[in-house]
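Take a look at the letters that make up each chain.
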Amino acid sequence: MTTTPPNNWLLVDKLHQVARHLKRTFVGKDDIIDLMSICLVGRENLFLLGPPGTAKSALVRALARQLQGNTFEYLLTRFTEPNELFGPFDIRKLREGDLVTNTEGMLPEANFIFLDELLNANSAILNSLLMVLNEKVFRRGRETRPLPALMIVGASNHLPEDEALQALFDRFLVRAHCDYVAPDQLTQVLEAGWTLERPSPTDQPEITADEVFQLQAALATVDLQTVRPAYATLIGKLRQAGVPVSDRRAVKLQRLLAASALLCKRTEAIASDMWVLRYIWDTDEQREVLAGIVNSVVEADEHPHQHPRASLSAAPNADDILREVTTLTEQWHHPDTSLADRATIKDQLRYLQGRCQWISNAVQREYVQQPLDSLWQQVLQA
């Protein structure tokens, strides 16, 4: 097995420092920040799904500031043209009969790319984007050049609704939901948000694009032989459960297993590194299925040096939500409950309402929704 140079562990520490800084700044986004680190090292694309106002763009921009490299960000609309992303044709070269794109400051020269409202992409830019996302190559006419992109992040407030956009969505190997924070974290969010109003300190942790490229190159030093049989079995179980995992995606996901191991300073992948497969869902309904199947593999691993995210599940637990609704109902009807407490109960109900929508099992969701709606009716009548 190839030995990973000790210098790479220093770079892992630098990336962890950047992640810890982001976690202090963005409350309740630890899972997304961990996934960004994994995708950055694995050189894979990340898709963020969530309603407006959930800090999707702010979080990505904050990470971009910590990377000492070229950044490209664009808000896509139905009318976005290729020139807006890739640059216009070079007029001087055009006069000489050559179609050459002037890419200065545009997507083809960026180390970090953020495409907001990704699913607004139109047919004019779709084919070029697919090549960029899948192969990290810019192709336009006779021009073909490799891209220096470390990672591409796309964001939207909805899932794709037609086949063309589904192909675009499919090029994002990892998908994460970015939701509003829990009511009990709102004070922390307000404090962190107010801190951002002050001038940023000059000693923030950073990592250069070249250092990230070095970590990406180190993925080849991670041994996957031990975990590969279990990984193949897991892919088979997911396919049997109705989660489509193509051969292409199965091969590419190995990079994320290796990234998980590398970020734990291991040169060998273990079963719990497969936690990243919780985040390959195509639809909301698949999230619970994925969590159940993947967790059964991850939880059986007793290795002492697991990735911290391995023991955490993203899927909401129906029983936990039901217990919270029951507790809130009792508090609402208690004669000593103050007006301030009732206002807090309303906030918690709104949060639980949002969480309830992510219970993929229809029977469980309906079972929890009934007492939730009943309490809402009592709150409205009051």
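Parameters and conventions
Residues numbered from 1 in each chain as written. Predicted model: local features only at pLDDT ≥ 70, side-chain atom pairs only at ≥ 80, totals over all residues. Heavy atoms only, no water. Core = buried A, V, L, I, M, F, W, Y, C linked by side-chain atoms within 4.5 Å. Buried < 20%, exposed > 50% of the residue type's maximum accessible area, 1.4 Å probe, protein only. Contact = heavy atoms within 4.5 Å. Helix = DSSP H or I, 4+ residues; strand = E, 2+ residues; numbered from the N terminus. Polar contact = N/O pair within 3.5 Å; in protein donor to acceptor, adjacent residues only side chain to side chain. Salt bridge = Lys/Arg side-chain N within 4 Å of Asp/Glu carboxyl O.

1. As for the nonpolar core
At step 1: Formed by 100 residues in total, the largest nonpolar core has its most connected members in Leu46, Leu168, Leu238 and Leu277.
At step 2: Those residues in contact with leucine 277, other than ones at most four positions away along the chain, are Tyr231, Leu234, Ile235, Leu238, Leu253, Leu257, Leu290 and Val294.
At step 3: Ranked by size, the runner-up nonpolar core spans 14 residues in total, among them Leu328, Ile345, Leu372 and Val379.

2. Looking at the side chain of glutamate 143
At step 1: Position of glutamate 143 relative to the elements: it lies in strand β6 (residues 143-146).
At step 2: Among the polar contacts listed, one links the side chain of glutamate 143 to the side chain of threonine 101, at a separation of 2.7 Å.
At step 3: Of note is the side chain of glutamate 143, whose polar atom sits 3.1 Å from the side chain of arginine 145.
At step 4: Beyond its immediate sequence surroundings of up to four residues, glutamate 143 is in contact with Leu99, Val100, Thr101 and Phe138.

3. What to know about the pattern of salt bridges
At step 1: Scanning the entire structure with this criterion turns up 15 salt bridges.
At step 2: The partner of aspartate 170 in a salt bridge is arginine 248, and the shortest N-O contact between them spans 2.4 Å. Here arginine 248 lies in helix α11 (residues 247-263) and aspartate 170 lies in helix α7 (residues 163-170), a separation of 78 residues in the sequence.
At step 3: Taking relative accessible area as the criterion, arginine 248 reaches 30% and is therefore assigned partly exposed.
At step 4: One salt bridge connects arginine 323 with aspartate 320, and the closest N-O pair in it is separated by 2.3 Å.

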